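What follows is the residue order along each chain.
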Amino acid sequence: MDTALEVLKWIGIALAAGFVGYFGRHLAMMIIDKISRKKPEPPPPEAPSSAPSSPSDVALAAQAKVDKKRAKAEAKRAKKEGKG
């Protein structure tokens, strides 16, 4: 009978420790969230636009893109002819 009471006592202690540990952690996480929400986040820096602003810049960019594709296709064709 004495051992049964001892076992029940330790089971009760373990359950109480688990209860305190879980809700203590939960309370701590709530406090941390509340503190971190109070700090205002700075607005993200504005990124400079990389898009060309004038029509001539747009035409130059498009032409550069076409030239790059053409050079890539020529390199690919030359590589393929070298293997064949």
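Quick notes on the rules
- Residues numbered from 1 in each chain as written.
- Predicted model: local features only at pLDDT ≥ 70, side-chain atom pairs only at ≥ 80, totals over all residues.
- Heavy atoms only, no water.
- Helix = DSSP H or I, 4+ residues; strand = E, 2+ residues; numbered from the N terminus.
- Buried < 20%, exposed > 50% of the residue type's maximum accessible area, 1.4 Å probe, protein only.
- Areas by Shrake-Rupley, 256 points an atom, 1.4 Å probe, with all protein chains shown as cover.
- Patch = residues over 30% accessible without salt bridge, like charges linked within 9 Å, V, L, I, M, F, W, Y side chains within 5 Å.
- Salt bridge = Lys/Arg side-chain N within 4 Å of Asp/Glu carboxyl O.
- Lys, Arg positive; Asp, Glu negative; His and termini not counted.
- Charge placed at Lys NZ, Arg CZ, Asp CG, Glu CD.
- Phe/Tyr/Trp six-rings, centres within 6.5 Å; stacked < 30°, edge-to-face > 60°.

J.: Would you take a moment to explain the overall build of the protein for this structure?
T.: Scanning the protein from N- to C-terminus turns up 2 helices and 0 strands. Going through the 84 residues of the protein one by one, you find that 0% of them count as buried. As presented, the protein carries roughly 8,300 Å² of accessible surface, and 66% of it is formed by carbon and sulfur atoms.

J.: Just checking my understanding: could you explain a positive patch on the surface for this structure?
T.: Taken together, the side chains of Lys68, Lys72, Lys76 and Lys80 make up a positively charged region of the molecular surface. Given the relative accessible area of 62%, Lys72 is considered exposed.

J.: Teacher, can you tell me more about the pattern of salt bridges here?
T.: Working definition: two side chains of opposite charge can pair if their charged atoms are close together. Going through the model one piece at a time under the given rule, you end up with 2 salt bridges. We note a salt bridge from Glu6 to Lys9, for which the minimum N-O separation is 3.5 Å. Of the two residues, Glu6 and Lys9 are both situated in helix H1 (residues 2–38); the distance of 3 residues between them amounts to about one turn of the helix. A salt bridge links Asp67 to Arg70, with the nearest nitrogen and oxygen atoms 3.4 Å apart. Of this pair, Asp67 and Arg70 both sit in helix H2 (residues 55–83), 3 residues apart, which is roughly one turn of the helix.

J.: Explain a nonpolar patch on the surface to me, please; I cannot follow it from the model alone.
T.: Taken together, the side chains of Met1, Leu5, Val7, Leu8, Ile11 and Leu15 present a nonpolar region at the surface, about 680 Å² in accessible area. Within the secondary structure, Leu15 is located in helix H1.

J.: Is there a simple way to explain the packing of aromatic side chains in this structure?
T.: Describing an aromatic ring pair means giving the distance of the ring centres and the angle of the ring planes. Tallied over the entire structure, the rule returns 2 aromatic pairs. When the centroid spacing of 4.7 Å and the interplanar angle of 55° are considered together, the rings of Phe19 and Phe23 count as tilted. With Phe19 and Phe23 both in helix H1, this residue pair falls 4 residues apart, about one helical turn. Relative to Phe23, the ring of Tyr22 has its centre 4.9 Å away and its plane inclined at 85°; by these criteria the two rings are edge-to-face.

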